[in-house]
Amino acid sequence: MAAVRPGKLNLITDVPGLSVGNAEDVDVATGVTVVLTQGEGAIAAVDTRGGAPGTRETDALKPGTLVDRANAVVLSGGSAFGLDAAGGVQAWLSMRGHGFKVAGHSVPIVPAAILFDLANGGNKAWDGDPPYRRLGKAACDAAGEAFALGNAGAGYGAIAGPVKGGLGSASAVDPESGYTVGALIAVNSVGSPVTPDGSGLWAWPFELAGEFGVEPPKPVPTGGAYVTKRHRRAGENTTIGVIATDAPMTVAQAERLAIMGHDGLARAIHPIHTPFDGDLLFSLAATDGKTGTVSPDLLSHLGTLTADAVTRAVGRAVVSASSLNGITAFPDTK
């Protein structure tokens, strides 16, 4: 069997038809990431596993609803304040005529999820409106194929267990079908992406092509490990992300892809899906307006590759992060 390899950029934008933009407010220590789709949008679904989610438009992504496509997906810091970012993205898209056509209007469909970064040392005493609507528009302006990881976008102020969190992405090309899958993850978990002795990452066995950029550690015992943030409080965590493929899928199949994608979080973060987290994955089938399905066998295969890409994206988020406001990044512990 041919080996799995990353896409050209090893980013979610290796899936054709997607672009990603980041915007940050350094003073507030927060940011927004937007995934833009092309044309009529991408088939979209969502799966939520954490106990404390913060979301917008997720009910519209259920199988059987009227609208089956999204024009953009937003990941934002700021806790509930961050949901304003989707309004900025929606306004940006509407000005350009993108969206669901109804009664002579274009109504952009922009699902969103937020993570908590209000306790990371940034200046949260903003004057007037929170910055997120502005950051949403700025992220759209910055969207392209290449984008920063680590302290970028929604990952700028993220914290992952005992280390600095961040934004990570990875892709893979299926050597059998030729389809591409990708993952974009903002890691802000209560659980730890780092092994109990602090020497390595839970994600390391899934690394491809030296993408973590450092030597793997020697194996260490991990049984019974339970390393988390010092203070575990509901609503103050969450790992959110977007997974995507260029394979044609129904909404129900895209939802299954998201469900399988969550296995990648379970491999990379321990513990995961706790009552304190709002863990969520959006799923996009970016097929440029085309519709179709894949076989159950191919869906299983692509779901497995996607879960692996999620694991790798978490690892890349952690190794790409920089220490911020007294929160030590994993590379600075070496």
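A brief structural summary. Bear in mind the structure is a predicted one, so any value in this text is a computation, not a measurement. (Residues numbered from 1 in each chain as written. Predicted model: local features only at pLDDT ≥ 70, side-chain atom pairs only at ≥ 80, totals over all residues. Heavy atoms only, no water.)

**Observations regarding the pattern of salt bridges**
As a working rule, side chains carrying opposite charge can pair if their charged atoms are close by.
At step 1: Within this structure, the stated rule accounts for six salt bridges.
At step 2: Put simply, Asp 59 and Lys 62 hold a salt bridge, and the shortest N to O gap is 3.4 Å.
At step 3: Looking at Asp 59, the relative accessible area reads 53%, which means it is exposed.
At step 4: A relative accessible area of 47% means that Lys 62 is categorised as partly exposed.
At step 5: Across the pair Arg 267 and Asp 308 runs a salt bridge, and its minimum N-O distance is 2.7 Å. Placement of the pair is Arg 267 in helix 3 (residues 251–268) and Asp 308 in helix 4 (residues 296–320), with a sequence separation of 41 residues.
At step 6: Since its relative accessible area comes to 21%, Asp 308 is described here as partly exposed. (Salt bridge = Lys/Arg side-chain N within 4 Å of Asp/Glu carboxyl O. Buried < 20%, exposed > 50% of the residue type's maximum accessible area, 1.4 Å probe, protein only. Helix = DSSP H or I, 4+ residues; strand = E, 2+ residues; numbered from the N terminus.)

**A word on the packing of aromatic side chains**
At step 1: Inspection of the entire model under this criterion finds four aromatic pairs.
At step 2: An angle of 90° between the planes, with centres 6.1 Å apart, marks the rings of Trp 126 and Tyr 132 as edge-to-face.
At step 3: A relative accessible area of 0% means that Tyr 132 is categorised as buried.
At step 4: Seen from their ring centres, Trp 204 and Phe 212 are 6.0 Å apart, and the 75° between their planes marks the pair as edge-to-face. Take Trp 204 and Phe 212: they sit in the same class, and that class is buried.
At step 5: Aromatic rings pair up to connect Phe 81, Trp 126 and Tyr 132 into one cluster.
At step 6: The ring of Trp 92 is capped by Arg 96, whose NZ or CZ atom sits 3.9 Å from the centre of that ring. (Phe/Tyr/Trp six-rings, centres within 6.5 Å; stacked < 30°, edge-to-face > 60°. Lys NZ or Arg CZ within 6 Å of the ring centre and 35° of its normal.)

**What about the pairing of strand 14 (residues 240–245)?**
At step 1: Among the six residues in strand 14, six count as buried, and that is most of the element.
At step 2: Going residue by residue along strand 14, you find Ile 240, Val 242 and Ala 244 tucked away on one face and Gly 241, Ile 243 and Thr 245 tucked away on the opposite face as well.
At step 3: Sheet analysis places strand 13 (residues 180–187) next to strand 14, joined by six bridges and oriented antiparallel. In the strand pairing of strand 14, Leu 184 is matched with Val 242. (Pairing = 2+ DSSP bridges.)

**Structural notes on the nonpolar core**
At step 1: Core analysis: the biggest nonpolar cluster contains 41 residues, and Ile 185, Leu 201 and Met 249 have the highest contact counts within it.
At step 2: Mapped onto this core, the elements with two or more residues apiece are strand 3 (42–48), strand 12 (166–173), strand 13, helix 3, strand 15 (280–285) and helix 4.
At step 3: For this core, the leading source of residues is helix 4, giving eleven residues.
At step 4: One finds Leu 11, Ala 70, Leu 75 and Leu 280 within the second-largest nonpolar core, a separate group that totals 28 residues. (Core = buried A, V, L, I, M, F, W, Y, C linked by side-chain atoms within 4.5 Å.)

**As for helix 4**
Residues separated by three or four positions in an α-helix point in the same direction, a consequence of the helix having 3.6 residues per turn.
At step 1: The terminal C-alpha atoms of helix 4 lie 35 Å apart, and with 25 residues this matches the ideal 36 Å at 1.5 Å per residue to within 8%.
At step 2: Where burial is concerned, most of helix 4 is hidden: 18 out of the 25 residues are buried. (Expected span 1.5 Å × (residues − 1).)

**Focus: the environment of Ala 154**
At step 1: By the element assignment, Ala 154 lies in the loop between helix 2 (132–141) and strand 10 (159–160).
At step 2: For the pair Ala 154 and Thr 30, spaced 124 residues apart in the sequence, the C-alpha separation amounts to 6.7 Å.
At step 3: Not counting residues within four places of it along the chain, the set of residues in contact with Ala 154 comprises Gly 31, Val 32, Thr 33, Leu 75, Ser 76, Gly 77, Leu 115 and Ala 186. (Contact = heavy atoms within 4.5 Å.)

**Here we look at unusual backbone geometry**
At step 1: Residue His 270 is joined to Pro 271 through a cis peptide bond whose omega torsion reads -5°.
At step 2: The topology assignment puts Pro 271 in the loop between helix 3 and strand 15.
At step 3: One non-glycine residue, Asn 10, lies in the positive phi region at around 55°.
At step 4: One can find Asn 10 in the segment before strand 1 (19–25).

**Some words on the packing of helix 1 (residues 84–94) against helix 2**
A pair of packed helices is characterised by two quantities: the angle between their axes and the separation of those axes.
At step 1: Closest axis-to-axis distance for the helix 1/helix 2 pair is 6 Å, and the angle between their directions is 45°. Classed by the angle they form, the pair helix 1 and helix 2 counts as oblique. Between helix 1 and helix 2 lies a crossing whose hand is right-handed. Side by side, helix 1 and helix 2 meet where Asp 84, Ala 85, Gly 87, Gly 88, Val 89, Ala 91 and Trp 92 of the first sit next to Tyr 132, Arg 133, Gly 136, Lys 137, Cys 140 and Asp 141 of the second.
At step 2: Tallied by class, the residues present in the contact of helix 1 with helix 2 amount to six nonpolar, three polar and four charged. (Axes fitted to C-alpha atoms, helices over the stretch in contact; angles between N-to-C directions. Parallel < 35°, antiparallel > 145°, perpendicular 65-115°, else oblique. Left-handed = near helix turned anticlockwise from the far one by under 90°. Nonpolar A, V, L, I, M, F, W, Y, C, P; charged D, E, K, R; others polar.)

Taken by themselves, the reported measurements are silent on function.
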